[in-house]
Structures are given as C-alpha cells and as structure tokens.
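Summary of structural features
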Amino acid sequence: MRNATVDPVDHVLEVGLKDYWHPICPSTFVKERPVSLKRLGMTLVLWRDADGQVRALEDRCPHRGAPLSQGVMMGDRLSCPYHGVEVRHDGVVTRVPGSPGCKLEGQRATRSFHVHERAGAVFLYNASRHVDAPPPLQLPDELWNDEQYSSFLCYVEWKCDYRYALDNVMDPMHGTFLHKQSHSMSEGDSTAKFSVRATDTGFVFEKEGQRNVNFDWTEFADTGIHWMRLEIPYPKTGGPGGNFIIVGMCTPISPSLTAVFFWRVRKLPPGWQRDTWRFLYRNRLEARHWHVLEQDRVVLEWMPQDANQHENLYQHDLGIVRLRRLLRGLAQAQLDKEQQQAATPA
Ligand code: FES
Ligand SMILES: [Fe+2]
C-alpha cells in the first residue's frame, strides 16, 4: 500500500478517516483495569467509569507523556502513574498534586474521544477537532434492531493493511474459489459477470443473474461509519432465520495489522427460534466459520504489502476499484478541509 514517496491521500487512509466512527475493540476488552490500544494511528487508553460507561483518552499524560493506562482509575478520571496528574474523561486536567493551582489545572490538555458501545463492540468517533457532541452512530439495522435481529461478534486481528481486508469483502468471487470446500459456498457459477448498483448510502456489487445461491453480492455503506454487508444462503440444516447475514468493518491498528469485526447475524425475533439458532451457532456452526475466516487470513497475511502496486484487475474487481476510488475521494476531501482550516484563523 505504501510507496517510498508518501502520497498524502494514502497517508490519510493509512490511519483511517477523521470525523468518522470506527469500531475499535470488542466490549470485553475493557474490564476493570485501564487498557491501552493502538488504533487509527494513535495510542488510546480505555476504561469504564463508575457507571460502567467506556471512556477514551489518548494514552499520554499531558505532563511529560507517561502512559495514563498504567495509572489509577478514579471513576471519571485517570491518575498518571508518574507524578499523579489527574485527567478527566473529557481531557481536562483536574488536579496536579505536586503543584496545586498550576496553570495545567483546568486545561483540556489531553485528546479525548467520544465512544459508544453497541452489538458487543466499542465504537470511537475519530474527531479531527474537539466536538462536544459527535454525530449519532448510525449502524445497519442488523446491529441496532434487537427485536428483529440476533448477532454474534467475531473479532480477529490480521497481519495486513486494513484495506486488503476491505478488498477481500468487496470481492464476492473469492468465495467460489478460496472457500469452495466450505459447506455453504460450494454452489454457484465459477464464472460470473458483476455489476455495481448505487444505493442511498453507498453501492452494491453483485453477480448478474444470481441471487441466493452463494456469496453473490456485497454492499458498502457510508453512514458516518463505513460498513459492509453480505448474505450467505443457508441450507435447512443451518437452523431457522433464512439467509445468514454478515456485517463487516475493519480498523487499522498499524500499517500491517488490522482489527477485523464480523457480526454474524440472523433475522430472528426473540423466542425459541432465536434461542435455537444461538445454541446451534455456538455448538455447530461457529467452528466452521472460524475455519472459513482462517482461509481468508492466510491469503491476506501472505500477500506482499505492495501487492496492489502490481495488479492486473479484471471484471470481478470492479467493486474493489469502486471502493478504492470512493475512499481516495473522501481522503482528498479531508485533506482539502484540513488545508482550509489551517488557512482560516480559529
Ligand atoms: S508524566 Fe504524568 S504526571 Fe508526570
Ligand atoms: Fe472469505
């Protein structure tokens, strides 16, 4: 993905777009101790306040840069391990015990982030400048509407650029080949023609004349967060709930490490059918899905980092081309905005 000469657009994309929501980790990562995580080109500290709400700051003390994650949790604040400076969840220094009344007290000296927990994951708003209130987190209905859908979050970290993980989802045809041994993806033509259809929030990349046979289409959407959705038809033995839905998102940890989120979803209202599926999933289906993901991981981790500099794309790659163009357009818009802001006095 990276050249010796750094392309500014590429540089923006490498660490993830600003002023977007991004999933950063499963909820279970944030327990009783502060946790330090590298995401989106930053080091973050996350913890839960007295109400159990997740809080996030840059993991760097405003005094001399010690990691706040090594400090002590004090409800809505963290106390730095080095000299005890206390930083509140909104980034404001509330106390400098070694020098009470010094000018650091009361300053918003640390970068803070708005976070939201949903569907088993922590989402973070990657604001370019401090905002008191972020735009609402808008997830697909599958992750929002508990009355209709039931999901499991599957989280993995792959040693690749996150954009290869995005490309992988935007490439339905790999299902027919890479996953051909898989129980649910052995059907369908191994030659196919694809087309792109615009939606209100993005686009669908789909096989022409084939629906509900295999992994036939992928949707990409931008709702202030980037997400992808696809469906895999299921045989009757897959239990109730019709097609198996996958919602996917990827977040950069570093240029060569990606946090990958896949929610496995079925449309089932609360009740015995949902319970049956959840039981079946845990006991029978989950292991198979890990096996399929493993096939993706192996290919992606073995691809050289500059693989996309030496490609020969063909018709099946139209979705990837469209997605890359879209992301580059957004990165360019971010650069333009930053330039404008730099030229306008605050
Ligand atoms: S570095 Fe944190 S209190 Fe000094
Ligand atoms: Fe795959």
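Residues numbered from 1 in each chain as written. Chains lettered and ligands numbered in written order. Predicted model: local features only at pLDDT ≥ 70, side-chain atom pairs only at ≥ 80, totals over all residues. Heavy atoms only, no water.

So, on to the coordination of the iron ion (ligand 2). Only His-174 (NE2), His-179 (NE2), Asp-296 (OD) and Asp-296 (OD) from the protein reach the iron ion (ligand 2) as donors, at distances of 2.1 to 2.4 Å. Taken together, the 4 donor atoms coordinating the iron ion (ligand 2) span angles of 57 to 144° at the metal, a pattern that classifies the geometry as irregular. Here the donor residues of the iron ion (ligand 2) are spaced in sequence according to H-x4-H-x116-D. On the accessibility criterion, His-174 (12% relative accessible area) is buried. His-179 sits in the buried class, given a relative accessible area of 2%. (Donors = N, O, S within 2.8 Å, 3.2 Å for Na, K, Ca; no water. Tetrahedral: all angles 85-135°; square planar, octahedral: opposite > 155°, others 65-115°. Buried < 20%, exposed > 50% of the residue type's maximum accessible area, 1.4 Å probe, protein only.)

Relative to the 38 Å expected for 26 residues at 1.5 Å per residue, helix H6 (residues 318–343) spans 38 Å between its end C-alpha atoms, a close match to the ideal helical length. Those residues of H6 not exposed but buried are Gly-319, Ile-320, Leu-323, Leu-327, Ala-331, Gln-334 and Leu-335. (Helix = DSSP H or I, 4+ residues; strand = E, 2+ residues; numbered from the N terminus. Expected span 1.5 Å × (residues − 1).)

A word on empty space enclosed by the protein. Taken as a whole and judged by the stated rule, the model has 3 cavities of 30 Å³ or more. Around the second largest cavity, the lining is made up of 18 residues, and of these His-22, Tyr-162, Leu-166, His-226 and Cys-250 lie nearest the centre. Going through the elements one at a time, strand S1 (21–26), helix H3 (162–169), strand S15 (226–232) and strand S16 (244–254) are the ones with two or more residues in the lining of the second largest cavity. Across the lining of the second largest cavity, the residue classes break down as 14 nonpolar, 4 polar and no charged. (1 Å grid on protein atoms, 1.4 Å probe; cavity = no way out; pocket = protein on both sides within 12 Å on 5 of 7 lines; lining within 4 Å. Points joined across faces, edges and corners; volume = space filled by probe spheres on them. Nonpolar A, V, L, I, M, F, W, Y, C, P; charged D, E, K, R; others polar.)

Attention shifts here to the sheet that holds strand S6 (residues 77–79). The 4 strands lie next to each other as S5-S6-S7-S8, forming an open sheet whose pairing is antiparallel. Only two strands of the sheet have a single partner each, and these edge strands are strand S5 (72–74) and strand S8 (93–95). Taking the axes of each pair of neighbouring strands and ignoring which way they run, one obtains an average angle of 30° across the sheet. Examined bridge by bridge, S6 and strand S7 (residues 86–88) share 3 bridges and lie antiparallel to one another. From the neighbouring strand, Leu-78 faces S7, where its bridge partner is Val-87. (Pairing = 2+ DSSP bridges. Axes fitted to C-alpha atoms, helices over the stretch in contact; angles between N-to-C directions.)

In this structure, the largest pocket occupies an estimated 470 Å³ of space. When residues of the lining of the largest pocket are traced back to their parent elements, those giving at least two are H3, helix H4 (174–178), helix H5 (272–302) and H6. Of the residues belonging to the lining of the largest pocket, the class tally is 11 nonpolar, 3 polar and 6 charged.

Right, let's talk about the packing of aromatic side chains for a bit. All chains considered together, the criterion is met by 11 aromatic pairs. Chaining the aromatic ring pairs together yields one cluster made of Phe-29, Phe-123, Tyr-155, Phe-261 and Trp-263. Between Arg-278 and the ring centre of Phe-152, over which it is positioned, the NZ or CZ distance is 3.9 Å. The ring of Phe-203 is capped by Arg-322, whose NZ or CZ atom sits 5.1 Å from the centre of that ring. (Phe/Tyr/Trp six-rings, centres within 6.5 Å; stacked < 30°, edge-to-face > 60°. Lys NZ or Arg CZ within 6 Å of the ring centre and 35° of its normal.)

Turning our attention to the nonpolar core. Membership of the largest hydrophobic core comes to 44 residues, with the highest contact counts inside it found for Leu-13, Trp-158, Leu-166, Met-170, Phe-262, Trp-277 and Leu-323. At 6 residues, H5 tops the list of elements feeding residues into this core. Filtering out sequence-adjacent residues up to four positions away, Met-170 remains in contact with Phe-203, Phe-205, Thr-218, Glu-219, Phe-220, Met-228, Gly-319, Ile-320 and Leu-323. Ala-221, Ile-225, Val-247 and Phe-261 belong to the second-largest nonpolar core, a separate cluster that totals 21 residues. (Core = buried A, V, L, I, M, F, W, Y, C linked by side-chain atoms within 4.5 Å. Contact = heavy atoms within 4.5 Å.)

Looking now at the pairing of strand S14 (residues 217–222). Looking along a regular strand, one sees side chains alternate from face to face of the sheet. With 5 of its 6 residues buried, S14 lies for the most part within the structure. Both strand S13 (residues 202–207) and S14 contribute to a ladder of 5 bridges, which runs antiparallel. Among the inter-strand pairings, Gly-202 is bridged to a residue of S14, identified as Ala-221. As paired strands, S14 and S15 are joined by 5 bridges and run antiparallel to one another. Considered in S15, the bridge of Asp-222 is made with His-226. From the end of S14 to the start of S15, which pair antiparallel, there are 3 residues, and Gly-224 there has a positive phi angle of about 90°.

On to H3, then. Across the 8 residues that make up H3, a large majority, 8, are buried. For H3, the complete set of buried residues consists of Tyr-162, Arg-163, Tyr-164, Ala-165, Leu-166, Asp-167, Asn-168 and Val-169. By the N-cap criterion, in which a side-chain oxygen at the helix start approaches the backbone nitrogen of a residue two or three places on, H3 is capped by Asp-161, the distance to Arg-163 being 2.8 Å. (Polar contact = N/O pair within 3.5 Å; in protein donor to acceptor, adjacent residues only side chain to side chain.)

A word on the domain arrangement of the protein. The domains assigned to the protein are domain 1 (21–125) and domain 2 (141–327). Between the C-alpha centres of domain 1 and domain 2 there is a distance of 33 Å. With 16 residues of domain 1 at the contact, the number on the domain 2 side is 15 residues. When the two sides are added together, the surface that domain 1 and domain 2 hide from each other amounts to roughly 1300 Å², 64% of it contributed by carbon and sulfur. Here domain 1 is connected to domain 2 by 2 salt bridges. Between Asp-146 and Arg-118 there is a salt bridge, with its nearest N and O atoms 2.8 Å apart. (Domains from an automatic or database assignment. Buried area = accessible area lost by both parts, 1.4 Å probe. Salt bridge = Lys/Arg side-chain N within 4 Å of Asp/Glu carboxyl O.)

Our focus in this paragraph is unusual backbone geometry. Within the chain, Asp-19 stands out as a residue other than glycine whose phi angle is a positive 60°. Residue placement: Asp-19 occurs in the loop between helix H1 (8–14) and S1. Assessed through its relative accessible area of 23%, Asp-19 is described here as partly exposed. One non-glycine residue with positive phi stands out, namely Ala-119, at about 50°. Relative to the helices and strands, Ala-119 is located in the loop between strand S9 (112–118) and strand S10 (121–125).

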